[in-house]
Amino acid sequence: MPNTVKADVTKKNTLLLRVLPSIIFLVTQSIGLLIVNNYHSLWKKEQTMLMTELVSSQASNIQHYLSQALSATYTLKSLVEVENGNVRNFNAYAKNIFNSLHGINNLQLAPNGIIKHIYPIEGHEKALGHNILKDDRRRDKALLAITHRKLTLTGPFKLIQGGTAVIGRNPIFIKNSEGKEIFWGFSSVVMYLDELLSATELDTLINKGYYYQLSRIKDKAEHIFSQNHSDINSAETIIKHEFRVPNDTWFLYVGRAPNPWNHIALSLQILLTVCLSALITHITNTLLRRPVQLQKLVDEKTEALHKLAFYDPLTKLCNRRLFNDLLTRICLLYTSDAADDLLCVD
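The text that follows walks through the structure, step by step, so that each part is easy to find.

About the cut-offs
- Residues numbered from 1 in each chain as written.
- Predicted model: local features only at pLDDT ≥ 70, side-chain atom pairs only at ≥ 80, totals over all residues.
- Heavy atoms only, no water.
- Helix = DSSP H or I, 4+ residues; strand = E, 2+ residues; numbered from the N terminus.
- Rg over C-alpha atoms; globule rule 2.2 N^0.38 Å.
- Buried < 20%, exposed > 50% of the residue type's maximum accessible area, 1.4 Å probe, protein only.
- Contact = heavy atoms within 4.5 Å.
- Areas by Shrake-Rupley, 256 points an atom, 1.4 Å probe, with all protein chains shown as cover.
- Salt bridge = Lys/Arg side-chain N within 4 Å of Asp/Glu carboxyl O.
- Pairing = 2+ DSSP bridges.
- Axes fitted to C-alpha atoms, helices over the stretch in contact; angles between N-to-C directions.

## Remarks on the overall build of the chain
(1) Moving on: A tally of regular secondary structure across the chain gives six helices and nine strands.
(2) Moving on: Taking 346 residues into account, the globule formula puts the C-alpha radius of gyration at 20 Å, and the chain, at 47 Å, lies well above it.
(3) Moving on: Looking at the chain as a whole, 34% of its 346 residues are labelled buried.
(4) Moving on: When contacts within the chain are restricted to residue pairs at least 6 apart in sequence, those whose partners lie at least 24 apart make up 55%.
(5) Moving on: Only carbon and sulfur atoms are counted for the fraction: they give 59% of the accessible area of the chain, which is about 22,100 Å².

Shown next, in the form of structure tokens:
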């Protein structure tokens, strides 16, 4: 009976030693992977928030730059309206405006849509005499400005004199001799796209590990007019920001450039989690097996002492002590009155 109980206990201990380490490994690994996942999720969330702030600030910079530059058209418009269409000392006024505002490449006046005044003129001579209202690429926005009597932004597009720019055109209306308002022409400001972007930090984003893309809707399709990478879709995280410019909507995309170290770091974290789980499991398994090993050692030593006490070490046969022990047990089990009939054998 004791041997049966001992066997049951041994069986339960063996089952426990097999199952418990596996459970510990799975639990510790799950906890570790959960921590890694939460850390990675928080990191991505922080990066997304950082990029959102970055996109918003860069869009605000573009809007501020455009607003500041386009304000020059209102100054020129006021000059023409005050002079009732008689433009005098254009270069002097334009020079003051040009020097007081940053980001302007040139200022123009276009009576009846024909460019006749440009400051500074150097490098822009080819634009003199150009009829905006007869230019297929520019006519629609010019007519829109006249119709709504509001400043419009045209472009970006390639200029006649070279370069890619955006142009703000403000329609000017003056009163004729009958007191009726008539269209006089446009006051315009030209801003080169490269200088527009240099006023922001977009050109430096590539050095910080970010891609950007600027686009607008043209002919019912999204048209990209500036980017620092040919495929922004290859970026890991892309943030889109939509912002208004006069009579148009621009879209700014910013994405983080793929960084293989991020994936390597994540893989190392997962590997470290597995290794730590395995180490904890090994330590636990060792501690659980220690009592069993000690008990096994005690049993082996007890068995060795038993053999040494009751068996002859040379012949491996039972000795007198075992014989006497067995005889005593038999006498206790089979007691009788005929004790004198016991045969003693030496």
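## Some words on the pattern of salt bridges
(1) Moving on: In this structure the tally under the stated criterion is four salt bridges.
(2) Moving on: The salt bridge involving Glu 83 is made with Arg 88; its shortest N-O contact spans 2.6 Å.
(3) Moving on: In this structure, Arg 138 engages Asp 135 in a salt bridge whose closest nitrogen and oxygen atoms are separated by 2.6 Å.

## Comments concerning the sheet that holds strand β9 (residues 248–256)
(1) Moving on: Read across the sheet, four strands follow the order β7-β6-β9-β8 without closing on themselves; strand pairing throughout is antiparallel. Of all strands in the sheet, those bounded by a partner on one side alone are β7 (221–227) and β8 (238–245). Across this sheet, the average inter-strand angle for adjacent strands is 30°, counted without regard to direction.
(2) Moving on: Bridging between β8 and β9 involves eight bridges; their strand directions are antiparallel. Across the sheet, Arg 244 pairs through a bridge with Thr 249, a residue of β9.

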